[in-house]
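Here is how the chains run, residue by residue.
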Amino acid sequence: MTLIYQLINGLQIGSIYALVALGYSMVYGIVRLINFAHGEIIMVGAYCVWFCMSRLALPALPAVAITVIVCAVLGVSIERIAYKPLRKSARISLLITAIGVSFLLQNLAQLIFTANPRMFTNLFTGSIAIGTQEISAATVATIGVSVVLMIALSVLVNKTRIGKAMRAVSEDADAAQLMGINVNSVISFTFAIGSALAAIAAVLYCCSYSQISPTMGSMLGLKAFVAAVLGGIGSIPGAMTGGLCIGIAESLTKGYISSQLSDAVVFGILIVVLLIKPTGIFGRGDHQKV
Amino acid sequence: MLKVDNINVYYGAIHAIQGISFDVKEGEIVTLIGANGAGKSTILKTISGLLRSKTGQITFMDKDISAAMPHKLLPMGISHVPEGRRIFQRMTVEENLDMGGYIRNNKENAALVESVYERFPRLKERRRQIAGTLSGGEQQMLAIGRALMASPKLVMLDEPSMGLAPLLVNQIFDIIQELNKSGVTILLVEQNARMALRIAHRGYVLESGRISLADSAQNLLSDPNVQRAYLGGN
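This structure is a prediction, so every number in the text was calculated from the model and none was measured.

Colleague: Lay out the overall build of chain B with the relevant residues and their values.
Modeller: The secondary structure content of chain B amounts to ten helices and ten strands. Taking 2.2 N^0.38 as the reference for a compact globule, 234 residues should give roughly 17 Å; the C-alpha atoms of chain B span a radius of gyration of 17 Å, in line with that estimate. With the C-alpha coordinates aligned to their principal axes, the bounding extent of chain B is approximately 45 × 45 × 35 Å. A sequence separation of at least 24 residues applies to 65% of the contacts in chain B between residues at least 6 apart. About 10,200 Å² of surface is accessible on chain B, with carbon and sulfur atoms providing 48% of the total. Taking the 27 positively charged and 23 negatively charged side chains of chain B as two groups, their mean positions are separated by 3 Å.

Colleague: Can you lay out the pairing of strand β9 (residues 202-207) of chain B for me, pointing to particular residues and giving the numbers?
Modeller: All names here are of chain B. Of all six residues in β9, five are buried; the element is thus mostly enclosed. Pairing of strand β3 (residues 29-34) with β9 involves five bridges; the strand directions are parallel. Looking at the pairing, V30 lines up with R202 of β9. What sits between the antiparallel neighbours β9 and strand β10 (residues 210-216) is a turn of two residues, in which S208 has the positive phi angle 30°.

Colleague: Hey, could you go over the environment of A:M119 for me, with residue numbers and the actual values?
Modeller: Residues and elements named next belong to chain A. Residue position: M119 is located in strand β1 (residues 118-119). C-alpha separation for the pair M119 and W50, spaced 69 residues apart in sequence, amounts to 8.1 Å. Setting aside chain neighbours within four positions, we find M119 in contact with W50, S210 and Q211.

Colleague: Break down the sheet that holds strand β7 (residues 154-158) of chain B for me, citing the residues and quoting the values.
Modeller: Residues and elements named next belong to chain B. Pairing is mixed across the open sheet formed by six strands, whose spatial order is β6-β7-β8-β3-β9-β10. Each edge of the sheet is formed by a strand with only one pairing partner; in this case those strands are β6 (78-81) and β10. Across the sheet, the mean angle from the axis of one strand to that of its neighbour is 15°, orientation sign disregarded. Summarising the sheet, β6 and β7 pair through four bridges and their orientation is parallel. Bridge pairing in β7 links S79 to V155. Sheet strands touched by helix α7 (residues 166-181): β3, β7 and β8 (185-190). Its angle to β8, the strand with the most contacts, is close to 155°.

Colleague: Please set out the interface of chain A and chain B residue by residue, giving values where relevant.
Modeller: Counting from both sides, the interface comprises 22 residues of chain A and, opposite them, 24 residues of chain B. Taken together, both faces of the contact between chain A and chain B bury some 2,300 Å²; the carbon and sulfur share is 55%. Connecting chain A to chain B are three salt bridges. Of the charged contacts, one joins A:R167 and B:E95 as a salt bridge, the two residues approaching to 2.8 Å between their closest N and O atoms. Counting across the chain A and chain B interface gives eight residue pairs in polar contact (both at pLDDT 80 or more). Those elements that provide at least two residues to the side of chain A that touches chain B are α6 (161-171) and α7 (173-178) of chain A. In terms of residue count, the dominant contributor to the side of chain A that touches chain B is α6(A) (eight residues). A breakdown of the residues in the side of chain A that touches chain B according to their chemical character gives eight nonpolar, six polar and eight charged.

Colleague: Provide a residue-level description of empty space enclosed by the protein, including the pertinent values.
Modeller: A full pass over the atoms with the stated rule returns four cavities of 30 Å³ or more. Each pocket or cavity is described by its volume, and for the largest cavity that value is around 50 Å³. Surrounding the largest cavity, A:V31, A:L33, A:E79, A:Y83, A:K84, A:R87, A:R91, A:L94 and A:F191 form its lining. Residue composition of the lining of the largest cavity, grouped by class: five nonpolar, no polar and four charged. Volume-wise, the second largest cavity comes out at about 40 Å³. Lining the second largest cavity are A:L178, B:S48, B:P70, B:L73, B:L74, B:I78, B:S79 and B:H80.

Colleague: Account for the side chain of A:N35, with residues named and values stated.
Modeller: Residue and element names in this part refer to chain A. Among the structural elements, N35 can be located in the loop between α1 (2-31) and α2 (38-55). Looking at N35, the relative accessible area reads 6%, which means it is buried. Residues contacting N35, with those up to four places away along its chain left out, are Y24, V27, Y83, A98 and F191.

Colleague: I'd like a description of the packing of aromatic side chains, backed by residues and values.
Modeller: Residues and elements named next belong to chain A. Under the criterion given, the structure shown has nine aromatic pairs over all chains. Taking the centre distance of 4.8 Å and the plane angle of 35° together, the rings of Y205 and Y209 count as tilted. By relative accessible area, Y205 is classed as buried at 17%. Residue classification places Y209 among the partly exposed positions, given a relative accessible area of 33%.

Colleague: Please provide a residue-by-residue account of the pattern of salt bridges, values included.
Modeller: A full pass over the atoms with the stated rule returns 18 salt bridges over all chains. One salt bridge in this structure joins B:R202 and B:D23, with 3.8 Å as the shortest N-O distance. Residue B:R202 is found in strand β9, and its partner B:D23 is found in strand β2 (residues 14-24); the two are separated by 179 residues along the sequence. Judged by its relative accessible area of 18%, B:R202 is buried. Of the charged contacts, one joins B:R202 and B:E28 as a salt bridge, the two residues approaching to 2.6 Å between their closest N and O atoms. You can see B:R202 sitting in strand β9 and its partner B:E28 sitting in the loop between β2 and β3, a full 174 residues away along the chain. Connected through salt bridges with shared partners, the residues A:K223, A:E250, A:K254 and A:D263 form a single ionic network.

Colleague: Summarise the side chain of A:D172; cite the residues concerned and give the values.
Modeller: The residue A:D172 is located in the loop between α6 and α7 in this model. Given the relative accessible area of 13%, A:D172 is considered buried. A polar side-chain atom of A:D172 sits 3.1 Å from the main-chain amide nitrogen of A:A175. Residues within four places of A:D172 in sequence aside, it is in contact with B:R86 and B:F88.

Colleague: Before we move on, could you go through the layout of surface pockets and cite the residues and values that matter?
Modeller: Within this model, the second largest pocket holds a volume of roughly 720 Å³. Along the wall of the second largest pocket there are 26 residues; nearest its centre are A:S170, A:G234, A:S235, A:R284 and B:R90. Mapped by element, the contributors of at least two residues to the lining of the second largest pocket are α1, α5 (137-159), α6 and α10 (236-257) of chain A. Considering each element in turn, the lining of the second largest pocket owes the most residues, five residues, to α1(A). Across the lining of the second largest pocket, the residue classes tally to ten nonpolar, ten polar and six charged.

The rules behind the values
Residues numbered from 1 in each chain as written. Chains lettered and ligands numbered in written order. Predicted model: local features only at pLDDT ≥ 70, side-chain atom pairs only at ≥ 80, totals over all residues. Heavy atoms only, no water. Helix = DSSP H or I, 4+ residues; strand = E, 2+ residues; numbered from the N terminus. Rg over C-alpha atoms; globule rule 2.2 N^0.38 Å. Contact = heavy atoms within 4.5 Å. Areas by Shrake-Rupley, 256 points an atom, 1.4 Å probe, with all protein chains shown as cover. Lys, Arg positive; Asp, Glu negative; His and termini not counted. Charge placed at Lys NZ, Arg CZ, Asp CG, Glu CD. Buried < 20%, exposed > 50% of the residue type's maximum accessible area, 1.4 Å probe, protein only. Pairing = 2+ DSSP bridges. Axes fitted to C-alpha atoms, helices over the stretch in contact; angles between N-to-C directions. Buried area = accessible area lost by both parts, 1.4 Å probe. Salt bridge = Lys/Arg side-chain N within 4 Å of Asp/Glu carboxyl O. Polar contact = N/O pair within 3.5 Å; in protein donor to acceptor, adjacent residues only side chain to side chain. Nonpolar A, V, L, I, M, F, W, Y, C, P; charged D, E, K, R; others polar. 1 Å grid on protein atoms, 1.4 Å probe; cavity = no way out; pocket = protein on both sides within 12 Å on 5 of 7 lines; lining within 4 Å. Points joined across faces, edges and corners; volume = space filled by probe spheres on them. Phe/Tyr/Trp six-rings, centres within 6.5 Å; stacked < 30°, edge-to-face > 60°.

Treat this as a map of the structure, not an account of what it does.
Okay, structure coming up:
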C-alpha cells in the first residue's frame, strides 16, 4: 500500500515538473535556448495568486486566471525585451542573459515581498481514503488538471494551425517564414503557452507546499529542467514523461531511502542521462544534412 | 512584374552580390544561370527578405519590397521554393501542404490541397507519410506543391533539379512549364543551364556576383561563350 501511496505522490509532484518541463522544452524547440528564467515564472505566479487571494481577496478562479495572464505576459515580455535582440548572437550570450533575467526577477521579488516566506492557503481541502492511506484532494486535483492540460497541449500542437506553425518554425524557421508564418508571433505564442503552464504549475505547487519565497522557483525550475533533458529537450511527450519519471524517482527515494537524498537522485539522473543518452528518451539528435 | 535594381549583398566582409539589376515580366520564365557560388541563391534570398541588400531597390508589381519581412511576401504573391527543398521533414505530406496554405483559411486550403494532389497524384498516395521519408523527386514535388498552395503570381525556384535522376529532372521541368502556361510567372535558378535555357524565355548569366550576360534564352543557348562555360561545349 505504501508503494501505491508513494507512486501517487510521485505522480503529483511529477505532473508539476512535467508542466514546467513543457515550458523549457517548447521554448528550446523553437529558439534553441534553455530559458533559465523559466523557474522564476513559477515564483512570480505563486506570488501573484497569493497576492490576488489574500491581499485583494479575490475568489480562486479569477485569481488563477489573472495569474495565468500575468505569467504569460511576463514570459512574452522577457522574450521581446531580453532574448529577441540577441536572436542572431552566439547561443552563450542568450544563455547568460537568461540567467541574468532569472536573478533580476528573484531580487525584484525579494525587494517587493521581502525574503520572509508567505503562506498560501490550499484551494482544495479534504482528502480521499485509499485503503489505510489518505490522499489529499490537492494531489488528486494536481494530477487531474495536469493530465487535462497535457492532452489539450497535444491537441493544440498536433491539430491546430498555430500548433503546426510552431512545429514548422521549430524545424526550419526560414522555410516557415517563406510559408508566410510570422516567426515572431509564433515565438511569442510559445513563450505565452509555456509561461501559462508554469503559472498553473505554480498554483498547484502552492496548494501542496504552502510556502512562497523569492527563491522557490530555482530548485523547482532546475528539477523540471532535468525532467526536460531526461525526456529529450525539445520533445513535448518527452517533457511529460520526463516530469513524471523524475517525480516518481524523487518520491520513491523519499519513501524508501531518505528524503535528504532525493535531490541527489534527481541530479544523479541528469548526470547519467548526459553520459549515456544526451538526447534523452524521446530526443533526436540534430542531424546536419547537406 | 519583379524589378531588382542595383542590389549589393554582403556576407560579413564578402561582397557576394555586386550591383545586380534585372527584371521579370509577367508570364515569363526567367532563369539565372551560373556556377556554384556565383550568387544565384543569394539573389533569391534577398528578394525573399531572408537577406538584405545594402543598396538599391526591389519592387514587385510596383510595390517596394526591399524592406519587407519574409512572411509578408507570400500574401503579396511571391513564393520561394528554396534550395534543398526545405520541406518540413518531420511533418506529414499533408501537413506540409497545410503550411504552404498557412496564409489562407482551412476551407480554401482543402480545395487547394485537392488541386495539388491532382497535379501530383503521387503526393496523394503518400499524404499521411512523414515528409522526410519521401524520395528526392517526391520531396521536390512536395516543395513545389507546397509553394502552389498560396496560389502565387511569381514562383522562385532554387535548383529544382538538384540531386534528381535525369528522368525526374525532365518531369520537374515539364511541371514548371505547365505552371507557366497556367499563368504563373517563374524565376528559375539553375546549375543545369541547358535544361533551364530550354524552357526559359530569357536568361541572365551570373559570374562571381555580377551579371555578365543578359539575353533571350535562345541566343544564350547558341552563344559560344555560354556553351563553353556552362553547357559543356561541343
